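Residue-level structure breakdown
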Amino acid sequence: MNIAIVTGASSGLGAEYVRQLDAGECFNEIWVIARRKERLAALQKQVKTRLRPLVCDLTKQKSIRQIAALLKKKKPNVRVLINCAGFGKIGSYRHIPLEQCEQMIDLNCRAAVTVTQIVLPYMHRGARILEICSTSAFQPLPYMNVYSASKAFLYRYSRSLANELAGTGIRVTAVCPFWVRGTEFIGAAKDTDGSHQVNNFPLSSLSENVVRRSLKDSRHGRAVSTPGFACTMHRILAKFVPSSLMIAAWNQFRR
């Protein structure tokens, strides 16, 4: 049984990945993982491929064990894994509750690694992994400090894993978009007492374009996908400009 697995599939980029996988590739099933059951049910009406909804919270060890048990039972051939689950919060360290900081680290870092680790034994030559990072992985972002740090972790993990898997035929792509329209990310991120710390979100990309470009980059075996002009320039500048200057530019940009 050939399948794809998409985490964070109930909305935004995750749901768009499901729609584009359905339209462009052939799977027996797509396993969709998210907390909102009704959103996953609604997504099934938008695609032809059979969806297997796995309603769970990836920050809970119980959920990981359930997914691992299902993989062991079904023994699928996982052709594509997309780790899209994640969230961010805007504000200073004073504005973000400790619990939310811990949840960001758990979901953006630990859950992505854990899901990848339990799925890898079911992947073979030609399979692809997309870890949805962010252009924030390229530099520190004051007032989004935990989020940018978590995405830097996922970016480094993805690059290292891609090298380890060289020769196996399994490709890993770190997807690093800039601001993305058509998702709930910005609204959820600004739902804090410190939301005024970041007021500008220019040069944002459409979610459809981000997904289309990153899937193409994945098929071509690219280790990093910067699906848009702004994130591509950000990646280039971060290679040559000191972090202190990048932070200073961000502090002007965010206002």
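This section reports on the structure supplied with the text. Computed from a prediction, not measured in an experiment: that's the story for all the values here.

Some remarks on the pairing of strand E3 (residues 51–55)
- In this structure, strand E2 (residues 29–34) lies alongside E3, joined through five bridges in parallel fashion. Directly across from Ile 33, in E3, lies its bridge partner Leu 54.
- In this fold, the crossover linking E2 to E3 by way of helix H2 (residues 37–44) has right-handed handedness.

As for the state of the cysteines
- Taken as a whole and judged by the stated rule, the model has zero disulfides.
- Note on Cys 133: no disulfide assigned, nearest cysteine sulfur contributed by Cys 176 at a separation of 4.7 Å.
- Its relative accessible area of 3% is what places Cys 133 among the buried residues.

A few points about the pattern of salt bridges
- With the rule as written, the count across this model stands at 10 salt bridges.
- One salt bridge in this structure joins Glu 25 and Arg 128, with 3.1 Å as the shortest N-O distance. Remark: Arg 128 occurs in strand E5 (residues 128–132) and Glu 25 occurs in the loop between helix H1 (12–24) and E2; sequence separation between them is 103 residues.
- The class for Arg 128 is buried, based on a relative accessible area of 5%.

Overview of the nonpolar core
- The biggest cluster of nonpolar side chains holds 39 residues, and the ones touching the most others in it are Ile 5, Leu 58, Leu 71, Val 119 and Met 123.
- Looking at this core, the elements that each hand over two or more residues are strand E1 (2–7), E2, helix H3 (61–74), strand E4 (77–83), helix H4 (98–119), helix H5 (145–164) and strand E6 (171–175).
- Residue contributions to this core peak at seven residues, all from H4.
- In this structure Val 119 touches Ile 5, Leu 71, Val 78 and Leu 81, once residues within four positions along its chain are discounted.

So, the environment of Asn 163
- Within the element layout of this structure, Asn 163 appears in helix H5.
- Note on Asn 163: relative accessible area 61%, which makes it exposed.
- As for Asn 163 and Gly 182, which are separated by 19 residues in sequence, their C-alpha atoms are 33 Å apart.

Re the environment of Leu 51
- Structurally, Leu 51 can be placed in strand E3.
- We classify Leu 51 as buried; its relative accessible area is 6%.
- Each C-alpha atom, one on Leu 51 and one on Leu 206, is 24 Å from the other, the two residues being 155 residues apart in sequence.
- Setting aside anything within four residues of it in sequence, one finds Leu 51 in contact with Val 18, Ile 30, Val 32, Leu 40, Leu 43 and Gln 44.

A short note on the environment of Leu 70
- Counting through the fold element by element, Leu 70 comes out in helix H3.
- We classify Leu 70 as buried; its relative accessible area is 16%.
- Residues Leu 70 and Leu 54, 16 residues apart in the sequence, show an inter-C-alpha distance of 9.9 Å.
- Not counting the four nearest positions on each side in its chain, Leu 70 is found in contact with Trp 31, Arg 52, Leu 54 and Lys 75.

Points about unusual backbone geometry
- Although it is not a glycine, Tyr 143 sits at a positive phi angle of roughly 75°.
- Turning to its location among the elements, Tyr 143 is positioned in the loop between E5 and H5.
- One non-glycine residue with positive phi stands out, namely Leu 203, at about 60°.
- Looking at where Leu 203 falls in the secondary structure, it is placed in the loop between helix H6 (185–189) and strand E8 (205–206).
- With a relative accessible area of 59%, Leu 203 lands in the exposed category.

Let's talk about the packing of aromatic side chains
- Taken as a whole and judged by the stated rule, the model has six aromatic pairs.
- When the centroid spacing of 5.5 Å and the interplanar angle of 90° are considered together, the rings of Phe 138 and Tyr 155 count as edge-to-face. With Phe 138 in the loop between E5 and H5 and Tyr 155 in helix H5, the pair connects residues that are 17 residues apart, well separated along the chain. Each member of the pair, Phe 138 as well as Tyr 155, carries the same accessibility label: buried.
- Each member of the aromatic cluster is reached from another via a ring pair, and the members are Phe 178, Trp 179, Phe 201, Trp 250 and Phe 253.

Basis of the calculations
Residues numbered from 1 in each chain as written. Predicted model: local features only at pLDDT ≥ 70, side-chain atom pairs only at ≥ 80, totals over all residues. Heavy atoms only, no water. Pairing = 2+ DSSP bridges. Helix = DSSP H or I, 4+ residues; strand = E, 2+ residues; numbered from the N terminus. Right-handed = clockwise from strand over helix to strand, strands pointing away. Disulfide = S-S within 2.5 Å. Buried < 20%, exposed > 50% of the residue type's maximum accessible area, 1.4 Å probe, protein only. Salt bridge = Lys/Arg side-chain N within 4 Å of Asp/Glu carboxyl O. Core = buried A, V, L, I, M, F, W, Y, C linked by side-chain atoms within 4.5 Å. Contact = heavy atoms within 4.5 Å. Phe/Tyr/Trp six-rings, centres within 6.5 Å; stacked < 30°, edge-to-face > 60°.

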